[in-house]
Amino acid sequence: MRGDVLGQRGPLDALLAAAKRLEQAPRFHFMFIGGGFVKRQIAEMVRRESPSNISCMPYQPLKRVRYSLSAVDIHMVSIGDASVGIIHPCKMYGTMALVKPVLALGPGASDLGGIVHESGAGWIHPHGNAEGVVAMLERFVLMPPGDRDAVAVRAEAFLRARYSPAALLGQLVDVLEAGTSEGQP
């Protein structure tokens, strides 16, 4: 199993601890792609500890990024507890469009948690509990492939229903109509 994550503002301690605990399990490989402060911290940990199941790659050229994003079995998206209401993890939408399940790390009472719950796109787990992350990932790899695919398909269906151009245009029209009727007697 492969997974990727790079929530620039989300704490990843539990994920990295889970990766270390799963180092001897050959089905698990964690790939971090991108840049920034958090990525430098991860790369330093990889240089220092040399875990065999963690890889770091730089940002990928736009014409090649689809290969790295589609190569994973599950995407991980995170948001820090203090970032709720300030930062929106837009990676969630790209993951859903790729028809991939997501393991979200962060508070359930957040936009990310709401999207995960409403869409059925995957699972959300609070920060700070590496054992819980390990347990969720182990359950994920034991799921029949059809069940894993069903999670991803639900995510894509939610994305199309909620955020397709037609759905967004309809929402915009509703807002405009509501705004024009407020000033009328």
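### A look at the layout of surface pockets
No. 1: Volume-wise, the second largest pocket comes out at about 180 Å³.
No. 2: For the second largest pocket, the full set of lining residues is Leu-12, Asp-13, Leu-16, Ala-17, Lys-20, Val-38, Gln-41, Ile-42, Met-45 and Arg-48.
No. 3: Every element with two or more residues in the lining of the second largest pocket is listed here: helix H1 (13-21) and helix H2 (37-49).
No. 4: If one sorts the elements of the lining of the second largest pocket by residue count, H2 sits on top with 5 residues.
No. 5: The residue makeup of the lining of the second largest pocket, split by class, is 6 nonpolar, 1 polar and 3 charged.

### Remarks on the packing of helix H5 (residues 111-119) against helix H7 (residues 145-163)
No. 1: Viewed as axis vectors pointing N to C, H5 and H7 meet at an angle of 110°, and their least axial separation amounts to 9 Å. What the angle tells us is that H5 and H7 run roughly perpendicular. From H5, Ile-115, Glu-118 and Ser-119 reach across to H7, where they touch Arg-154, Ala-155, Phe-158 and Arg-162.
No. 2: For the contact of H5 with H7, the residue count by class is 3 nonpolar, 1 polar and 3 charged.

### Description of a nonpolar patch on the surface
No. 1: Taken together, the side chains of Leu-169, Leu-172, Val-173 and Leu-176 make up a nonpolar region of the molecular surface, amounting to roughly 360 Å² of accessible area.
No. 2: Inspection of the secondary structure puts Val-173 in helix H8 (residues 165-182).

### Section: the pairing of strand E4 (residues 74-78)
No. 1: Burial analysis of E4 places 5 of its 5 residues in the buried class, the great majority of the element.
No. 2: Where E4 lies against strand E5 (residues 102-105), 4 bridges are found, and the strand directions are parallel. Each residue of the ladder has a partner; that of His-75, found in E5, is Val-102.

### Considerations on the pattern of salt bridges
No. 1: Tallying each qualifying case throughout the model produces 6 salt bridges.
No. 2: Glu-49 is the salt-bridge partner of Lys-20, the closest N and O atoms lying 3.1 Å from each other. Pair noted here: Lys-20 is in helix H1 and Glu-49 is in helix H2, with a separation of 29 residues, a long-range link.
No. 3: Looking at Glu-49, the relative accessible area reads 37%, which means it is partly exposed.
No. 4: Here Glu-131 ties to Arg-21 by a salt bridge, and the two come within 2.6 Å at their closest N and O atoms. One end of the pair, Glu-131, is in helix H6 (residues 130-142); the other, Arg-21, is in helix H1, and 110 residues separate them in sequence.

### Quick notes on the environment of Ser-52
No. 1: In this structure, Ser-52 sits in the loop between H2 and strand E3 (54-57).
No. 2: Ignoring sequence-local partners within four residues, the contact set of Ser-52 consists of Glu-23 and His-29.

### A few points about empty space enclosed by the protein
No. 1: Scanning the model with the defined rule gives 1 cavity of 30 Å³ or more in all.
No. 2: Counted as a void, the largest cavity has a volume near 30 Å³.
No. 3: Among the residues forming the lining of the largest cavity, the class breakdown is 5 nonpolar, 3 polar and 1 charged.

### Points about H6
No. 1: Taking 1.5 Å of rise per residue, the 13 residues of H6 would be expected to cover 18 Å, and the 19 Å separating its terminal C-alpha atoms lies within 8% of that figure.
No. 2: The set of residues buried in H6 consists of Ala-130, Gly-132, Val-133, Val-134, Met-136, Leu-137, Phe-140 and Val-141.
No. 3: In the core, the buried residues of H6 are packed alongside H1, strand E2 (29-33), E4, E5, strand E6 (122-125) and H7.

### Description of the environment of Asp-13
No. 1: Mapped onto the fold, Asp-13 is located in helix H1.
No. 2: With 69 residues separating them along the chain, Asp-13 and Ala-82 place their C-alpha atoms 15 Å apart.

### Thoughts on the confidence of the model for the protein
Low-pLDDT stretches of the model should not have their predicted coordinates read in fine detail.
No. 1: Per-chain confidence: the protein averages 85 in pLDDT, with 91% of residues scoring 70 or above.
No. 2: Confidence drops under a pLDDT of 50 for residues 1-10, and excluding neighbours within four residues, the segment shows 53 contacts in the predicted structure.

### A short note on the nonpolar core
No. 1: Membership of the largest hydrophobic core comes to 27 residues, with the highest contact counts inside it found for Leu-15, Phe-30, Phe-32, Ile-54, Leu-103, Val-133 and Leu-137.
No. 2: Taken together, the elements giving at least two residues each to this core come down to H1, E2, H2, E4, E5 and H6.
No. 3: Broken down by element, this core gets its largest block of residues, 6 residues, from H6.
No. 4: Other than its neighbours up to four places away in sequence, Ile-54 contacts Leu-16, Ala-19, His-29, Phe-30, Phe-32, Met-45 and Val-46.
No. 5: Of all hydrophobic cores here, the second largest spans 14 residues; its members include Met-96, Leu-112, Ile-115 and Phe-158.

Parameters and conventions
- Residues numbered from 1 in each chain as written.
- Predicted model: local features only at pLDDT ≥ 70, side-chain atom pairs only at ≥ 80, totals over all residues.
- Heavy atoms only, no water.
- 1 Å grid on protein atoms, 1.4 Å probe; cavity = no way out; pocket = protein on both sides within 12 Å on 5 of 7 lines; lining within 4 Å.
- Points joined across faces, edges and corners; volume = space filled by probe spheres on them.
- Helix = DSSP H or I, 4+ residues; strand = E, 2+ residues; numbered from the N terminus.
- Nonpolar A, V, L, I, M, F, W, Y, C, P; charged D, E, K, R; others polar.
- Axes fitted to C-alpha atoms, helices over the stretch in contact; angles between N-to-C directions.
- Parallel < 35°, antiparallel > 145°, perpendicular 65-115°, else oblique.
- Contact = heavy atoms within 4.5 Å.
- Patch = residues over 30% accessible without salt bridge, like charges linked within 9 Å, V, L, I, M, F, W, Y side chains within 5 Å.
- Areas by Shrake-Rupley, 256 points an atom, 1.4 Å probe, with all protein chains shown as cover.
- Salt bridge = Lys/Arg side-chain N within 4 Å of Asp/Glu carboxyl O.
- Buried < 20%, exposed > 50% of the residue type's maximum accessible area, 1.4 Å probe, protein only.
- Pairing = 2+ DSSP bridges.
- Expected span 1.5 Å × (residues − 1).
- pLDDT = per-residue confidence, 0-100.
- Core = buried A, V, L, I, M, F, W, Y, C linked by side-chain atoms within 4.5 Å.

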